[in-house]
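Listed here are the chains, written in short residue letters.
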Amino acid sequence: MIFQPNINYNLLQHHYSKNRWPRSPSPSYLTGVCGQQSNPHPKPKRPCKNDPSPANDGSDCDDDNEFECNSVIQSCATKKNKNVKGTTNPTTLRFFPPLWIRLLDFVKANFRQHLAIVAPFPQRELAIDEGGVCGEMIAKAIVYWQEQEHQLEKGYYPKFKAEMAIVIFNDTATFRSKIKQVALTMVPLEYELVSQGGTIAAVKVKASSLIRHSLFLHGVVDAHVRSSSSSSSSSSSTSVCLRVFYDSGSKSLRQFPAFRKTIPHNTVILVTTIVQNILNIYARHGQANTKQTNIIDSEVIYKKIAGLFKHVKDDEYHGPKLHKMLQSWTQTGMNEVTMSDKDEDGSSEWEVDLN
């Protein structure tokens, strides 16, 4: 609309031509508002249920109950977002009640040991399938729980057996991420890739030289004539292993017998694989963002390092030296158990054999 001077226009009429005329609120809305003011916490007619069935989306609400149904839906959505009463997704840990959460955390610890020692790159479908490793570990854990006379809430097993297997397998990403985050912190410090005045080009050159001929695996040179490659490990692998596998968490691997006297060879190979992946990132980009860097899970690098590790392990001089080194790592990790890990009566949570 183009306005011309010295002409009176009805601006209100022009506004109404493009917008709705004012109208009074509907009776159902006023009834709902009055009811809410008289009773600030009304009992909903259609309460949300905390079960795995599809959520009530309010589609069966009629017009007269529109205000009340929308209020209930909004309240339920808020509770779901805040996770006040858990979640309706049985493939997440929070879906389960407290005693089942304890058991599933116990299974996660066993599965992490499986990833570190047996199969670092499991296939999802095989792992969660009927008779797969995840379901087998859950069944064994339930038997162990019963032997220890622990209690479990009824109605969850075997009803959610398949979903429990998914919960366990999904911890694979969490476990690897934990190793990666620690390694992302330790690698640039151990290899001095981040220094005052250093350029990105210089970092690329240094990282590339460490990768070439696997120099980052070489240990400290000693007096022995064959010691130029005294071990198939590095100080960064030491730091990562101690921080990841010998922490004080409920899923720490130091609670297992396999980690109490030495660090299993496959565990060192897995950590070293991630270390090389990080060095590859520095060689390509000269830097690594700890929050955004996506480190590939490379089975090819894992197999390559496994071959190098076997070569050192079978050597008549370096083999025994490697064995003693891993034992010393374990002793350091086990000795770092603080008094906070022990109960008031002097017992420790690591006394239970979880195998």
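Before going further, it helps to examine the overall build of the protein. Across its full length, the protein holds 12 helices and zero strands. Within the protein, the proportion of its 355 residues that are buried is 38%. Contacts in the protein between residues at least 24 apart in sequence constitute 72% of all its contacts with a sequence separation of at least 6. Of the roughly 21700 Å² of accessible surface on the protein, a fraction of 53% belongs to carbon and sulfur atoms.

On to the packing of helix H7 (residues 161–190) against helix H9 (residues 235–245). It is the contact of H7 with H9, at a shortest axis distance of 9 Å, that shows an interaxial angle of 140°. Crossing handedness for the pair H7 and H9: right-handed. Between H7, through Phe175, Lys178, Ile179, Val182, Ala183, Met186, Val187 and Glu190, and H9, the contact on the second element is made entirely by Ser235, Ser236, Ser239, Val240, Arg243, Val244 and Phe245. Residues that form the contact of H7 with H9 fall into these classes: nine nonpolar, three polar and three charged.

Time to look at the nonpolar core. Of all hydrophobic cores here, the largest spans 75 residues; its most connected members are Ile179, Leu193, Phe245 and Leu279. Of all the elements, H7 adds the most residues to this core, at 13 residues. In this structure Leu193 touches Val187, Pro188, Val203, Lys206, Ala207, Leu210, Leu279 and Tyr282, once residues within four positions along its chain are discounted.

Looking now at the packing of helix H6 (residues 133–147) against H7. When two helices pack together, their arrangement is given by the angle between the helix axes and the distance between those axes. Contact geometry for H6 and H7: axes closest at 9 Å, N-to-C directions at 105°. As judged from the angle between their axes, H6 and H7 are roughly perpendicular. Residues Cys134, Gly135 and Ile138 of H6 lie in contact with H7, whose contacting residues are Met164, Ala165, Ile168 and Phe169. Of the residues in the contact of H6 with H7, the class split is six nonpolar, one polar and no charged.

Tracing the backbone shows Ser214 in the loop between helix H8 (200–211) and H9. Beyond its immediate stretch of four places on either side in the chain, Ser214 contacts Lys304 and Leu308.

Moving on: H7. Helix length check: H7, at 30 residues, gives a terminal C-alpha distance of 44 Å against a target of 44 Å (1.5 Å per residue), a fit within 8%. For H7, the principal kink sits at Ala183 and spans about 25°. Residue Glu192 follows H7 closely and has a positive phi angle near 55°.

Moving on, we come to the environment of Asp171. Turning to its location among the elements, Asp171 is positioned in helix H7. When its relative accessible area of 4% is taken as the criterion, Asp171 is described as buried. In sequence terms Asp171 and Ala109 are 62 residues apart; their C-alpha atoms lie 9.5 Å from each other. When neighbours within four sequence positions are excluded, Asp171 is seen to be in contact with Lys108 and Arg112.

Counting buried residues in H9 gives nine out of 11 residues, a clear majority hidden from the surface. Within the span of H9, buried status applies to Ser236, Ser237, Thr238, Ser239, Val240, Cys241, Leu242, Val244 and Phe245. Close packing links the buried residues of H9 with H7, helix H10 (265–285) and helix H12 (318–335).

This part is about the confidence of the model for the protein. When pLDDT is averaged along the protein, the result is 76, and 65% of the positions lie at 70 or above. Note that residues 220–232 has pLDDT below 50 and, in this model, 29 contacts with residues that lie over four places away or in other chains. When the criterion is pLDDT under 50, residues 342–355 qualifies, and its contacts beyond four places in sequence or with other chains add up to 30 contacts.

Attention now goes to the side chain of Ser237. By secondary structure assignment, the location of Ser237 is in helix H9. Apart from the residues lying within four places of it in its own chain, the contact partners of Ser237 are Val271, Thr272, Val275 and Trp329.

Throughout the structure, instances matching the rule amount to 14 aromatic pairs. Ring geometry for Phe95 against Phe160: centres 5.0 Å apart, planes inclined by 70°, an arrangement best described as edge-to-face. Taken together, the residues span a long stretch of sequence, with Phe95 in the loop between helix H3 (66–82) and helix H4 (98–117) and Phe160 in the loop between H6 and H7 at a distance of 65 residues. The exposure class of Phe95 is buried, given its relative accessible area of 9%. Judged by its relative accessible area of 6%, Phe160 falls in the buried class. An aromatic cluster of at least three residues, connected via ring pairs, comprises Phe95, Phe96, Tyr156 and Phe160.

As a further point, take the environment of Thr185. Mapping Thr185 onto the fold places it in helix H7. Note: C-alpha distance between Thr185 and Ser236 (51 residues apart in sequence) is 9.7 Å.

Residue Pro158 is reached from Tyr157 by a cis peptide bond, and omega for that bond is 10°. Tracing the backbone through its elements, the reader meets Pro158 in the loop between H6 and H7. Positive phi outside glycine occurs at Glu149, with the angle close to 60°. Relative to the assigned elements, Glu149 resides in the loop between H6 and H7. We classify Glu149 as exposed; its relative accessible area is 67%. Even without a glycine there, the phi angle at Glu192 is positive, about 55°. A relative accessible area of 55% places Glu192 in the exposed class.

Reading the values: the criteria
- Residues numbered from 1 in each chain as written.
- Predicted model: local features only at pLDDT ≥ 70, side-chain atom pairs only at ≥ 80, totals over all residues.
- Heavy atoms only, no water.
- Helix = DSSP H or I, 4+ residues; strand = E, 2+ residues; numbered from the N terminus.
- Buried < 20%, exposed > 50% of the residue type's maximum accessible area, 1.4 Å probe, protein only.
- Contact = heavy atoms within 4.5 Å.
- Areas by Shrake-Rupley, 256 points an atom, 1.4 Å probe, with all protein chains shown as cover.
- Axes fitted to C-alpha atoms, helices over the stretch in contact; angles between N-to-C directions.
- Left-handed = near helix turned anticlockwise from the far one by under 90°.
- Nonpolar A, V, L, I, M, F, W, Y, C, P; charged D, E, K, R; others polar.
- Core = buried A, V, L, I, M, F, W, Y, C linked by side-chain atoms within 4.5 Å.
- Parallel < 35°, antiparallel > 145°, perpendicular 65-115°, else oblique.
- Expected span 1.5 Å × (residues − 1).
- Bend = angle between axes of the 7 residues up to and from the residue.
- pLDDT = per-residue confidence, 0-100.
- Phe/Tyr/Trp six-rings, centres within 6.5 Å; stacked < 30°, edge-to-face > 60°.

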